[in-house]
Amino acid sequence: MDAEASPSSIASHLRRALGAARHALAATSRLVLDIALPTLCVSCREPVNGEGVCAACWAKLSFIAPPFCPRLGIPFVYDPGPDLLSMEAIANPPAFSRARSAVRYDDVARTLVHALKYQDRTDLAPAMGRWMARAGKELLGEADMLVPVPLHWRRGWSRRYNQSGALARVISRQSGARVAAESLRRVRATEQQIGLSRAQRASNVQGAFKVAADRMADIQGRRVILVDDVLTTGATVDACARALLRAKAAQVDVLTFARVVDSHKAPI
Ligand SMILES: [Zn+2]
């Protein structure tokens, strides 16, 4: 029998042809989508090229620069001199060593964080992560690994991906510190922190995090940076830091994209 005309060879020809057609169709629909949906600036809705924020909206962000509290990263209105801590750091010393954030949590920052978190705007992660890498340069120089603050699996499922993990991957590419995404687990679901007082936030997340048993050896003796999108009272990262320190991490620092800054509190 002629090999070219055998039923199995016809079938394989057909499969290849179908495969090619499917591929072409997928490419075309992608192209159509690209044309139909230009990327809009997440803040002002103007069309942008590439990343999801226009230059004007980036310029509106309030980047945090020295002088700030060496412990908590809270910006100071005037420079109180080297090594002077904020009142917050003295009154409530955190479990972590140092916290740094790229920007103040204002309207533009909130729009970015919400778009990344709830609207699947993963295109924002590269720019946000780059600013975080810049803000955390000092910490990153000493770090062994990046640990994103984990979502509870139920929330991770409904939201499909962890925004802190997306930011950590960008920071890793910028700094070379590896991401240890599975090290820290959220062992119980917590209420949303929004609307809770400082004390309520702390008790809400107490004991909510744990280092996975099979990752203990990986954490022991390591200098870890916790990565999250926003630092509010610091209750969540503090609970995470305690879990990492219980697993004998050598040091835990915190790096977030934004932080809430209470402008009424001046340094001592
Ligand atoms: Zn804009």
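Residues numbered from 1 in each chain as written. Predicted model: local features only at pLDDT ≥ 70, side-chain atom pairs only at ≥ 80, totals over all residues. Heavy atoms only, no water.

It is not clear to me how the overall build of the protein chain should be interpreted in this structure. Could you clarify?
A count of helical and extended segments in the protein chain gives eleven helices and seven strands. Partitioning the intrachain contacts of the protein chain with sequence separation of at least 6 by distance along the chain shows that 73% fall at a separation of at least 24. Put simply, the protein chain shows about 14,600 Å² of open surface, and 56% of that area lies on carbon and sulfur atoms. (Helix = DSSP H or I, 4+ residues; strand = E, 2+ residues; numbered from the N terminus. Contact = heavy atoms within 4.5 Å. Areas by Shrake-Rupley, 256 points an atom, 1.4 Å probe, with all protein chains shown as cover.)

Before we go on, may I ask you to explain the pattern of salt bridges in this structure?
All told, the structure shown has eleven salt bridges when counted by the stated rule. The closest approach of N and O atoms between Asp123 and Arg121, which form a salt bridge, is 2.9 Å. Where Asp238 meets Arg242, a salt bridge forms, and the shortest distance between an N and an O atom there is 2.9 Å. Here Arg242 and Asp238 lie together in helix α11 (residues 235–246), a separation of four residues that amounts to about one turn. Judged by its relative accessible area of 13%, Asp238 falls in the buried class. Looking at Arg242, the relative accessible area reads 45%, which means it is partly exposed. Overlapping salt bridges, with partners in common, bring together Arg98, Arg100, Glu138, Glu142 and Asp253 in one network. (Salt bridge = Lys/Arg side-chain N within 4 Å of Asp/Glu carboxyl O. Buried < 20%, exposed > 50% of the residue type's maximum accessible area, 1.4 Å probe, protein only.)

It is not clear to me how the coordination of the zinc ion should be interpreted in this structure. Could you clarify?
In the first shell of the zinc ion, the protein supplies Cys41 (SG), Cys44 (SG), Cys54 (SG) and Cys57 (SG), at 2.2 to 2.4 Å from the metal. Viewed at the metal, the four donor atoms of the zinc ion are separated by angles of 104 to 117°, and the geometry they form is tetrahedral. Within one chain, the residues serving as donors to the zinc ion are arranged as C-x2-C-x9-C-x2-C. Taken together, the residues span a long stretch of sequence, with Cys41 in the loop between α1 (7–36) and α2 (55–60) and Cys54 in the loop between α1 and α2 at a distance of 13 residues. Summarising the burial analysis for this pair, Cys41 and Cys54 share the class buried. (Donors = N, O, S within 2.8 Å, 3.2 Å for Na, K, Ca; no water. Tetrahedral: all angles 85-135°; square planar, octahedral: opposite > 155°, others 65-115°.)

Just to check I follow, could you spell out the sheet that holds strand β7 (residues 251–259) for this structure?
Within the open sheet, the five strands sit side by side as β1-β7-β6-β2-β3. Their pairing is parallel. Both edges of this open sheet fall to β1 (99–104) and β3 (178–179), since each of them pairs with a single strand only. The strands touched by helix α4 (residues 107–118) are β1, β6 (223–231) and β7; relative to β7, the strand with the most contacts, the crossing angle is about 110°. α11 rests against β6 and β7 of the sheet, and its axis sits at about 165° to β6. (Pairing = 2+ DSSP bridges. Axes fitted to C-alpha atoms, helices over the stretch in contact; angles between N-to-C directions.)

Before we go on, may I ask you to explain unusual backbone geometry in this structure?
As a rule of thumb, non-glycine residues mostly have phi less than zero, and peptide bonds are mostly trans rather than cis. Following Pro66, the chain continues into Pro67 via a peptide bond in cis, with omega recorded as 5°. A positive phi angle, close to 70°, is found at Arg45, a residue other than glycine. Looking at Arg45, the relative accessible area reads 46%, which means it is partly exposed. Phi at Lys248 takes a positive value of approximately 70°, unusual for a residue other than glycine. Note on placement: Lys248 falls in the loop between α11 and β7.

Just to check I follow, could you spell out the packing of aromatic side chains for this structure?
Two descriptors summarise a pair of aromatic rings, namely the distance from one centre to the other and the angle between the planes of the rings. This model, assessed by the stated rule, comprises three aromatic pairs. With 6.2 Å between their ring centres and 40° between their planes, Trp58 and Trp131 make a pair best called tilted. Taken together, the residues span a long stretch of sequence, with Trp58 in helix α2 and Trp131 in helix α5 (residues 125–135) at a distance of 73 residues. Residues Phe63 and Trp131 carry aromatic rings whose centres are separated by 4.1 Å and whose planes lie at 35° to one another, so their mutual orientation is tilted. Taken together, the residues Phe63 in the loop between α2 and α3 (87–91) and Trp131 in helix α5 connect sequence positions 68 residues apart. Ring pairs connect the aromatic residues Trp58, Phe63 and Trp131, which therefore count as one cluster. The ring centre of Tyr105 lies 5.2 Å from the NZ or CZ of Arg110, which sits over that ring. (Phe/Tyr/Trp six-rings, centres within 6.5 Å; stacked < 30°, edge-to-face > 60°. Lys NZ or Arg CZ within 6 Å of the ring centre and 35° of its normal.)

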